[in-house]
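# Chain and residue survey
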Amino acid sequence: MNTKYGLKKIYKVDYNLNPERYELRIDFSDAPLCPYGNSFRAIGYDKIENEYIWLVTSILKDKRLKTINYKHDKK
């Protein structure tokens, strides 16, 4: 299994088997930290394994990839 920044790396061939399995999460507070101590603004998520993952660039460009924006509470 290949990894990047400690996250399982998903390739286009795997994505094509079940594109509905993956989503791109934006500004989620539970996203892991990147190795430089910052949080990832956008990171892949595997809905079956319930874990954050690294998506290769070709997947990020795929129009089938669903993007989910975190809804912040307004106080």
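Before reading further, recall that the structure is shown in the block above.
Residues numbered from 1 in each chain as written. Predicted model: local features only at pLDDT ≥ 70, side-chain atom pairs only at ≥ 80, totals over all residues. Heavy atoms only, no water.

### Let's talk about the packing of aromatic side chains
Here the structure, examined in full by the defined rule, presents six aromatic pairs. For the pair Tyr5 and Phe40, a centre-to-centre distance of 6.2 Å together with 45 degrees between the ring planes defines the contact as tilted. On the criterion of sequence distance, the pair formed by Tyr5 in the loop between β1 (3-4) and β2 (7-10) and Phe40 in the loop between β3 (22-26) and β4 (42-46) is long-range, its members being 35 residues apart. Judged by its relative accessible area of 39%, Tyr5 falls in the partly exposed class. (Phe/Tyr/Trp six-rings, centres within 6.5 Å; stacked < 30°, edge-to-face > 60°. Helix = DSSP H or I, 4+ residues; strand = E, 2+ residues; numbered from the N terminus. Buried < 20%, exposed > 50% of the residue type's maximum accessible area, 1.4 Å probe, protein only.)

### Let's talk about the nonpolar core
Membership of the largest hydrophobic core is limited to 10 residues, which are Ile10, Tyr15, Tyr22, Leu24, Ile26, Ile53, Leu55, Val56, Ile59 and Leu65. Those elements that provide at least two residues to this core are β3 and β5 (51-55). Ranked by residues supplied to this core, first place goes to β3 with three residues. Each residue touching Leu24, except ones within four places of it in the same chain, is listed here: Ala42, Ile43, Gly44, Leu55, Leu60, Leu65, Lys66, Thr67 and Ile68. (Core = buried A, V, L, I, M, F, W, Y, C linked by side-chain atoms within 4.5 Å. Contact = heavy atoms within 4.5 Å.)

### Let's talk about the pattern of salt bridges
All chains considered together, the criterion is met by six salt bridges. The shortest N-O distance in the salt bridge between Glu51 and Lys8 comes to 3.3 Å. Of the two residues, Glu51 is situated in strand β5 and Lys8 in strand β2; the sequence distance between them amounts to 43 residues. With a shortest N-O distance of 2.9 Å, Arg21 and Asp46 are connected by a salt bridge. (Salt bridge = Lys/Arg side-chain N within 4 Å of Asp/Glu carboxyl O.)

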